Structure formats: C-alpha cells, structure tokens
Amino acid sequence: MKPGIHPAYRPVVFRDKAGQFAILTRSTMTSEKTIEWEDGHTYPVVDVEISSASHPFYTGTARVLDTAGRVERFERRYGRDGGRR
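Residues numbered from 1 in each chain as written. Predicted model: local features only at pLDDT ≥ 70, side-chain atom pairs only at ≥ 80, totals over all residues. Heavy atoms only, no water.

Colleague: Would you explain the pairing of strand 2 (residues 21-27) in this entry?
Modeller: Along any regular strand, the residues point their side chains to alternate faces of the sheet. Summarising the sheet, strand 1 (residues 10-16) and strand 2 pair through seven bridges and their orientation is antiparallel. Bridge pairing in strand 2 places R15 opposite A22. Once strand 1 ends, the chain turns through four residues before running back antiparallel as strand 2, passing Q20 with a positive phi of about 50°. (Pairing = 2+ DSSP bridges. Helix = DSSP H or I, 4+ residues; strand = E, 2+ residues; numbered from the N terminus.)

Shown next as structure tokens:
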C-alpha cells in the first residue's frame, strides 16, 4: 500500500436513532460528534437511519406479499397465455 493516501482506520460507534442501538466497530468514517462508550473511552459517533435493530426484515415486522394471488388475478384478467392470440 502506498503510504499517506489511505484514510485513517479507527474505532467508531454507529448509533441507530430509531432502534436505540449502538455498536462499536472500526471504520474510516469521521464525525464531529463523540460518545463515551462502556469501556470509558470517547469515540466518534455516526448516526444511521436504520440498522438490524430497527429494520423490518430483522425485527420480524416485514409483510409478505401474496405473489400467488397476483399471478392468479393476472391469469383471470388476461388469460393463461398472457394475451398472445
């Protein structure tokens, strides 16, 4: 790697505002805001809109679409051959 051209890779806290969830990891992202973590150290904090704590797929609140009903409705409306006559 060429020295001096890569951003600093350091510990950063990512905080989900919707889910009240935070995780300490390493990243090249920067932020002016800081937070004191459980270990007593202060880290930059990056606020994110959604994470696994608030995403509908991971929380189990996602809705499943009835694709079979849509296919049947299409076939009733346009016929089995898709309108090729």
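Colleague: Can you help me understand the nonpolar core in this one?
Modeller: A general feature of soluble globular proteins is that nonpolar side chains tend to end up buried together. Among the nonpolar cores identified, the biggest contains five residues, and these are V13, I35, W37, Y43 and V45. Among all residues touching I35, those that are not within four sequence positions of it are V13, R15, H41, T42, Y43 and V45. (Core = buried A, V, L, I, M, F, W, Y, C linked by side-chain atoms within 4.5 Å. Buried < 20%, exposed > 50% of the residue type's maximum accessible area, 1.4 Å probe, protein only. Contact = heavy atoms within 4.5 Å.)

Colleague: Would you take a moment to explain the side chain of S27 for this structure?
Modeller: Here S27 is to be found in strand 2. S27 sits in the buried class, given a relative accessible area of 11%. When residues no more than four places from it in sequence are discounted, the contact partners of S27 are A8, Y9, R10, V12 and F14.

Colleague: How should I be thinking about the pattern of salt bridges in this particular structure?
Modeller: A side chain of one charge can pair with a side chain of the opposite charge if their charged atoms are brought near each other. The final tally for this structure, using the stated rule, is two salt bridges. Across the pair D47 and R15 runs a salt bridge whose closest N-O atoms are separated by 2.8 Å. Of the two residues, D47 sits in strand 4 (residues 42-48) while R15 sits in strand 1, which places them 32 residues apart along the sequence. Assessed through its relative accessible area of 23%, R15 is described here as partly exposed. The partner of D47 in a salt bridge is K33, and the shortest N-O contact between them spans 2.7 Å. On the criterion of sequence distance, the pair formed by D47 in strand 4 and K33 in the loop between strand 2 and strand 3 (34-36) is long-range, its members being 14 residues apart. (Salt bridge = Lys/Arg side-chain N within 4 Å of Asp/Glu carboxyl O.)

Colleague: Explanation requested: the packing of aromatic side chains in the structure shown.
Modeller: By convention here, two paired aromatic rings are described through the distance between centres and the angle between planes. By the definition in use, this model includes one aromatic pair. Ring geometry for F74 versus Y78: centroids 5.0 Å apart, planes at 50°, classification tilted. Taken together, the residues span about one helical turn, with F74 and Y78 both in helix 2 (residues 67-78) at a distance of four residues. Given the relative accessible area of 43%, F74 is considered partly exposed. Judged by relative accessible area, which is 44%, Y78 ranks as partly exposed. (Phe/Tyr/Trp six-rings, centres within 6.5 Å; stacked < 30°, edge-to-face > 60°.)

Nothing here speaks to function; it is geometry throughout.
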